[in-house]
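Summary of structural features
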Amino acid sequence: MAEIPAKFDAIVIGSGPAGSSSAYYLASKGFKVLMLERGRSSGSKNVFGGRVYAAPLKEIYPDFEKSAPIHRWVTREKVSFMHGNELVSLDYEGNDRKSFTTYLSQLTGWMALKAENAGAAIVTDITVTGLLMDGNRVTGVKAGNESVKADVVIDAEGVNRLVLESAGIVPPLKPSHVALGVKEVVKVEPDVIANEFGLGEGEGMAWAVLGDVTAGLPGGGFIYTNKDSVSIGLVVLLDSAIDGANEDIYKYVERFKSHPKLIKYFKDSRIMEYSAHLIPEDVWSLMPPRFYYDGLLIAGDAAGFLLNLGYTYRGVDFAAYSGYLAGRAVEQAHGHGSMSAENLSVYTKLLEQSFIMKNLKRFSGTHKLMRNRRLFTVYPAMMASLMRHIYSLDYESQKMFSALLGAAKENGAGPFTLLSDGIGVMRHL
């Protein structure tokens, strides 16, 4: 800290997708930027499932497809309902390259390098302990007994918002605000991935699984194919796990991986990485009162910018694009002469006009829907029963409607429950 300049145009806290994209944008516009990262290297603290939606990153980085660490483009989507040893799946194969798989540590490392090449200074292995204040205005950051000043600070510290908490901007996280993600990355040879998952050269799969994978807890499992490995894990609502989990969550992942219908994909694999991470879930309760203050902007997971639709998560693209918009807001505020809250308030306007807030508002009720335990218990069991009634035959075939009524009755789902839950799903998804 003592060897770097005493004043910057902007200081960015965290070198994840949000921090790196804001530092890259500002540095490329000629701003003197310092990005501080508590990990030993950029990306070393970043954890996610495995899939990233590409369009926002292509907008931020013009050469994205040429140099970014893309493992596989997702061309196959699969959603499965697990009940006991049964698996009911919906499988889609397409040609569009809208999302890709990667290691987040590689992607954020690449993004940080882009920021550094654009002129940003990056200091790793340093923990920001607080904001430097002059009255109500943020004037820099503190790291222990040392401090660095800046015209504006962009907080992209992630979901563990210790800096914002210490400043009194947000309260401590509650278990109801977040989910717990647990993941293993296992080594699988590319030819095995191609053969077992039915993929061509450069093609990838994103697979979501609901039901017994979480033992009835609200959440779900995921499988993503990387270049020469597979990411497998699950996400559960943290407060539900605290109240309802009867064993360590990592054991759920081990059972998931060894499920009779899945074990063939992992029989010759070996674990490369194990990780766990908190994920914004009840984003509207987690969001800070504002995203801008005098000398301060908040981006990424720290601002609650993540969308969980059950069948897919969008976090990295939301974070990166919010950091990019924070950079644009700083640029505009600079043009108006100061980093006052009034000038930085353009950040909220940019967010409102973007896909981030439009999507979060469109799916604002999804969090409540995900707390309906029947979605993770009754309906996976009912789907399995329905398929069994239709296909497991000796002599007589059943009509579809009769099979549906029988499956519903077997699993305690009456007509009013089906209607109510169906309306909820249609309304929120």
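Refer to the structure presented above.
Attention here is on the structure that accompanies the text. Small disclaimer: the values here were computed from a predicted structure and weren't measured. (Residues numbered from 1 in each chain as written. Predicted model: local features only at pLDDT ≥ 70, side-chain atom pairs only at ≥ 80, totals over all residues. Heavy atoms only, no water.)

**Some details on the overall build of the protein**
Helices and strands together make up the secondary structure of the protein, namely 18 helices and 19 strands. Taken against the 2.2 N^0.38 rule, which gives 22 Å for 429 residues, the C-alpha radius of gyration of the protein at 23 Å falls within 12% of a compact globule. Its C-alpha atoms give the protein principal-axis dimensions of about 80 × 45 × 40 Å. For the protein, the residues scored as buried account for 55% of the 429 residues in total. Within the protein, counting contacts between residues at least 6 apart in sequence, those at least 24 apart form 72% of the total. As displayed, the protein offers around 19200 Å² of accessible surface, 51% of which is attributable to carbon and sulfur atoms. (Helix = DSSP H or I, 4+ residues; strand = E, 2+ residues; numbered from the N terminus. Rg over C-alpha atoms; globule rule 2.2 N^0.38 Å. Buried < 20%, exposed > 50% of the residue type's maximum accessible area, 1.4 Å probe, protein only. Contact = heavy atoms within 4.5 Å. Areas by Shrake-Rupley, 256 points an atom, 1.4 Å probe, with all protein chains shown as cover.)

**Here we look at the nonpolar core**
Among the nonpolar cores identified, the biggest contains 87 residues, and Leu 57, Leu 107, Phe 305 and Tyr 347 are the most heavily contacted of them. The leading source of residues in this core is helix α11 (residues 316-335), at eleven residues. Phe 197, Met 205, Val 236 and Leu 262 belong to the second largest nonpolar core, which has 30 residues in total. (Core = buried A, V, L, I, M, F, W, Y, C linked by side-chain atoms within 4.5 Å.)

**A short note on the packing of helix α13 (residues 346-353) against helix α14 (residues 355-362)**
It is at 4 Å that the axes of α13 and α14 come closest, and there the two elements cross at 65°. Touching Leu 351, Glu 352 and Gln 353 of α13 are Phe 355, Ile 356, Met 357, Lys 358 and Lys 361, all from α14. Residues that form the contact of α13 with α14 fall into these classes: four nonpolar, one polar and three charged. (Axes fitted to C-alpha atoms, helices over the stretch in contact; angles between N-to-C directions. Nonpolar A, V, L, I, M, F, W, Y, C, P; charged D, E, K, R; others polar.)

**A word on helix α16 (residues 378-391)**
For α16, with 14 residues, the first-to-last C-alpha span of 20 Å sits near the 20 Å given by 1.5 Å per residue. Where burial is concerned, most of α16 is hidden: ten out of the 14 residues are buried. Here α16 has its buried residues at Val 378, Tyr 379, Pro 380, Ala 381, Met 382, Ala 384, Ser 385, Leu 386, His 389 and Ile 390. Buried-residue contacts for α16 involve β4 (72-83), β5 (86-93), β12 (203-211), α17 (400-410) and α18 (415-428). (Expected span 1.5 Å × (residues − 1).)

**Section: the side chain of Asp 282**
Here Asp 282 lies in the loop between β15 (270-280) and α10 (283-286). Arg 371 is the oppositely charged side chain nearest to the buried, salt-bridge-free Asp 282, at an N-O distance of 6.3 Å. Within polar-contact distance, the side chain of Asp 282 engages the side chain of Ser 285 at 2.8 Å. The contacts of Asp 282, once residues within four sequence positions are left out, are Ser 176, His 177 and His 367. (Lys, Arg positive; Asp, Glu negative; His and termini not counted. Salt bridge = Lys/Arg side-chain N within 4 Å of Asp/Glu carboxyl O. Polar contact = N/O pair within 3.5 Å; in protein donor to acceptor, adjacent residues only side chain to side chain.)

**Examining the pattern of salt bridges**
Taken as a whole and judged by the stated rule, the model has 14 salt bridges. Salt-bridge contacts for Arg 51 lead to Glu 77; the nearest nitrogen and oxygen are separated by 2.8 Å. Of this pair, Arg 51 sits in strand β3 (residues 51-53) while Glu 77 sits in strand β4, and the two are 26 residues apart along the sequence. The salt bridge involving Glu 352 is made with Lys 361; its shortest N-O contact spans 2.5 Å. What emerges from the salt-bridge pattern is a single network uniting Glu 86, Arg 388 and Glu 410.

**A word on the pairing of strand β13 (residues 219-225)**
β13 sits mainly inside the fold: seven of its seven residues count as buried. By the alternation rule, side chains of β13 split into Gly 219, Gly 221, Ile 223 and Thr 225 and Gly 220, Phe 222 and Tyr 224, which are all buried. As paired strands, β12 and β13 are joined by four bridges and run antiparallel to one another. By the bridge assignment for β13, Ala 208 is matched with Phe 222. In this sheet, strand β14 (residues 229-237) lies alongside β13 in antiparallel orientation, the contact comprising seven bridges. Bridge pairing links Gly 220 to Val 235 in β14. Between β13 and β14, which pair antiparallel one after the other, the connecting turn spans three residues. (Pairing = 2+ DSSP bridges.)

**Thoughts on the environment of Arg 362**
Assignment of secondary structure puts Arg 362 in helix α14. Taking the C-alpha atoms as reference, Arg 362 lies 28 Å from Ala 413; in sequence the two are 51 residues apart.

**Some points on a nonpolar patch on the surface**
Among the surface-exposed residues, Tyr 250, Ile 271 and Tyr 274 lie close enough to one another that they form a single nonpolar patch of about 310 Å² accessible area. Considering the arrangement of structural elements, one finds Tyr 250 in helix α8 (residues 249-257). (Patch = residues over 30% accessible without salt bridge, like charges linked within 9 Å, V, L, I, M, F, W, Y side chains within 5 Å.)

**Quick notes on the pairing of strand β9 (residues 137-143)**
Taken across its seven residues, β9 has five buried, putting it largely inside the fold. As judged from the five bridges shared by strand β8 (residues 130-134) and β9, these two strands associate in the antiparallel manner. Considered in β9, the bridge of Leu 132 is made with Gly 140. Count of turn residues in the β8/β9 antiparallel hairpin: two residues, of which Gly 135 carries a positive phi of about 70°. Both β9 and strand β10 (residues 146-155) contribute to a ladder of four bridges, which runs antiparallel. Bridging from a neighbouring strand, Ala 143 pairs with Glu 146 of β10.

**A few points about the packing of aromatic side chains**
One pass over the full model with this rule turns up 14 aromatic pairs. Ring geometry for Phe 197 versus Tyr 265: centroids 4.5 Å apart, planes at 20°, classification stacked. Taken together, the residues Phe 197 in helix α6 (residues 190-197) and Tyr 265 in helix α9 (residues 263-266) connect sequence positions 68 residues apart. Counting every residue linked through ring pairs, the aromatic cluster contains Tyr 24, Tyr 61, Phe 64, Trp 73, Phe 100 and Trp 110. The positively charged end of Arg 255 is found above the aromatic ring belonging to Tyr 252, 5.2 Å away from the centroid. (Phe/Tyr/Trp six-rings, centres within 6.5 Å; stacked < 30°, edge-to-face > 60°. Lys NZ or Arg CZ within 6 Å of the ring centre and 35° of its normal.)

**Focus on the packing of α11 against α14**
Look at α11 against α14: their axes get within 10 Å of each other, and the N-to-C directions meet at 135°. Classified by the angle between their axes, α11 and α14 sit oblique to one another. Note on element contacts: α14 touches α11 through Phe 355, Ile 356, Asn 359 and Leu 360, opposite Asp 317, Phe 318, Tyr 321 and Ser 322. Tallied by class, the residues present in the contact of α11 with α14 amount to five nonpolar, two polar and one charged. (Parallel < 35°, antiparallel > 145°, perpendicular 65-115°, else oblique.)

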